[in-house]
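Tertiary structure, described
Residues per chain, in single letters:
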Amino acid sequence: MMYQPTLEDVRYSFDLYPCHSPVSSAIEEIDRDEIFDCLLAKPRKHEYLKMTLLNSFVQYDSSSFLPPHFEMENNTSLIKELTEKAISEEVLEYDVFVKMPPIKEQIVRAKIKSIEKASIHIVEPEEFYGE
Amino acid sequence: MASEYPWYDVVDDEDLMQGDFIMECPIVVPPSEISEGFEARILKYNVVIMSQSCDLVNKKIDLVLLCPVWPLNDMEKEGSFFQSIKGKEELRRGNVAGYHLLNKCEITGFDRDYHVVDFRNIYSVPLDFLIEFAKKQGKRLRLLPPYRERLSQDFARFFMRVGLPVDIPPFSDK
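The rules we used
- Residues numbered from 1 in each chain as written.
- Chains lettered and ligands numbered in written order.
- Predicted model: local features only at pLDDT ≥ 70, side-chain atom pairs only at ≥ 80, totals over all residues.
- Heavy atoms only, no water.
- Helix = DSSP H or I, 4+ residues; strand = E, 2+ residues; numbered from the N terminus.
- Buried < 20%, exposed > 50% of the residue type's maximum accessible area, 1.4 Å probe, protein only.
- Contact = heavy atoms within 4.5 Å.
- Areas by Shrake-Rupley, 256 points an atom, 1.4 Å probe, with all protein chains shown as cover.
- Core = buried A, V, L, I, M, F, W, Y, C linked by side-chain atoms within 4.5 Å.
- Pairing = 2+ DSSP bridges.
- Buried area = accessible area lost by both parts, 1.4 Å probe.
- Salt bridge = Lys/Arg side-chain N within 4 Å of Asp/Glu carboxyl O.
- Polar contact = N/O pair within 3.5 Å; in protein donor to acceptor, adjacent residues only side chain to side chain.

Quick look at the overall build of chain A
- From N to C terminus, chain A includes five helices and three strands.
- When the 131 residues of chain A are sorted by exposure, 21% land in the buried category.
- Partitioning the contacts of chain A with sequence separation of at least 6, the portion at a separation of at least 24 is 58%.
- A total of about 11,100 Å² of accessible surface is found on chain A, and carbon and sulfur atoms cover 55% of it.

See the structure below:
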């Protein structure tokens, strides 16, 4: 059965087996706790980002019976790319259309009373300065 | 705080105002060809008055703009978007173009659940007709400020939106 690492396992292994620090300072600046908080965050809109981050940064050999050894990959550009993608995909306005029928409908026969061209109705601006 | 800013009131005065709800307002749909003794459809909608109150009171307009109002529950049955909590929340936040959510009403005799104003379908009826029609209905529900002004603002926002074919590219960390 494939080993399924839990968050505790990942955190534990980081503490016991210091990994090679990534060359990029960008990754070092990212607080590991922030990454894990993101992974545990409830909002579903970050689900894609969460799973991609987890799969991208953590690789483990599940075939071994020894405690898994986790290594950080140098993926500075990936963080940036995924964050930008998550931000750009956030929907700001929804274009939804729901066609609703009228409450009641009836057919009537009408007799033409008159047909005339509409007359213009001008509303002049009120005078702000009294004369 | 909620009692200081009630959403609704019940009125029966002759002066129509923006935010007044008219029940089963008839909208006449003429045929494409009008001849002697023609048939016309009459569609009835529960509507809210969108025309500005000053225009109504001073009779500066001949036709009153109306938007249909639907129970949110009914809209859920017709469209799946509003069935979800996310859809309802986006509606509440004003992020669903063309629709405006109204709060429940707990006034006795006018109790109702959440309702949605539909900006995409607008009707107009003669002002004189609507005054007489509202008078026959007796008491009616009225949306109070500032919720009335918020409705008017959303209505304007819906019509003034502009879609850009090529927008400014998003900012990013460099």
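Continuing now.
So, the nonpolar core
Residues and elements named next belong to chain B.
- Ranked by size, the top nonpolar core spans 32 residues in total, and within it Phe82 and Leu130 carry the most contacts.
- At five residues, the largest contribution of residues to this core is made by helix 4 (residues 127-137).
- The contact partners of Leu130, leaving out residues within four places of it in the chain, are Leu16, Ile22, Cys25, Ile49, Val64, Leu66 and Val125.
- Counting residues in each nonpolar core, the second largest holds 17 residues, with Phe119, Tyr147, Leu151 and Phe158 among its members.

Topic: helix 4 of chain B
Residue and element names in this part refer to chain B.
- Within the span of helix 4, buried status applies to Leu127, Leu130, Ile131, Phe133 and Ala134.
- Lining the buried residues of helix 4 we find strand 2 (21-29), strand 3 (38-49), helix 1 (53-57), strand 4 (63-71), strand 7 (123-126) and strand 8 (140-143).
- Taken from the residues just after helix 4, Gly138 is the one with a positive phi, measuring 80°.

With respect to the pairing of strand 3 of chain B
- Counting buried residues in strand 3 of chain B gives nine out of 12 residues, a clear majority hidden from the surface.
- Note: strand 3 (residues 104-110) of chain A against strand 3 of chain B, seven bridges, orientation antiparallel. Across the sheet, Val108 of chain A pairs through a bridge with Ala40 of chain B, a residue of strand 3 of chain B.
- Here strand 2 of chain B pairs with strand 3 of chain B via seven bridges, running antiparallel. When the sheet's bridge partners are listed, Val28 of chain B is paired in strand 3 of chain B with Ile42 of chain B.
- Summarising the sheet, strand 3 of chain B and strand 4 of chain B pair through three bridges and their orientation is antiparallel. Within strand 4 of chain B, the residue paired with Val48 of chain B across the bridge is Cys67 of chain B.

Details of the interface of chain A and chain B
- Facing 26 residues of chain A, the contacting portion of chain B comprises 36 residues.
- In total, chain A and chain B occlude about 3,000 Å² of area from one another, counting both sides; carbon and sulfur atoms represent 57% of this.
- Applying the counting criterion to the chain A and chain B interface returns four salt bridges.
- Measuring nitrogen to oxygen at the nearest pair gives 2.8 Å for the salt bridge that ties Arg120 of chain B to Asp95 of chain A.
- In this assembly, chain A and chain B are joined by 15 residue pairs in polar contact (both at pLDDT 80 or more).
- Elements represented by at least two residues in the side of chain A that touches chain B include exactly helix 5 (76-89) and strand 3 of chain A.

What to know about the pattern of salt bridges
Residue and element names in this part refer to chain B.
- The tally for this structure, following the rule as stated, stands at 17 salt bridges over all chains.
- Arg140 serves as the salt-bridge partner of Asp13, at 3.3 Å between the closest nitrogen and oxygen. With Asp13 in the loop between strand 1 (8-11) and strand 2 and Arg140 in strand 8, this pair connects stretches of sequence that are 127 residues apart.
- Under the relative-accessibility criterion, Asp13 is labelled partly exposed at 34%.

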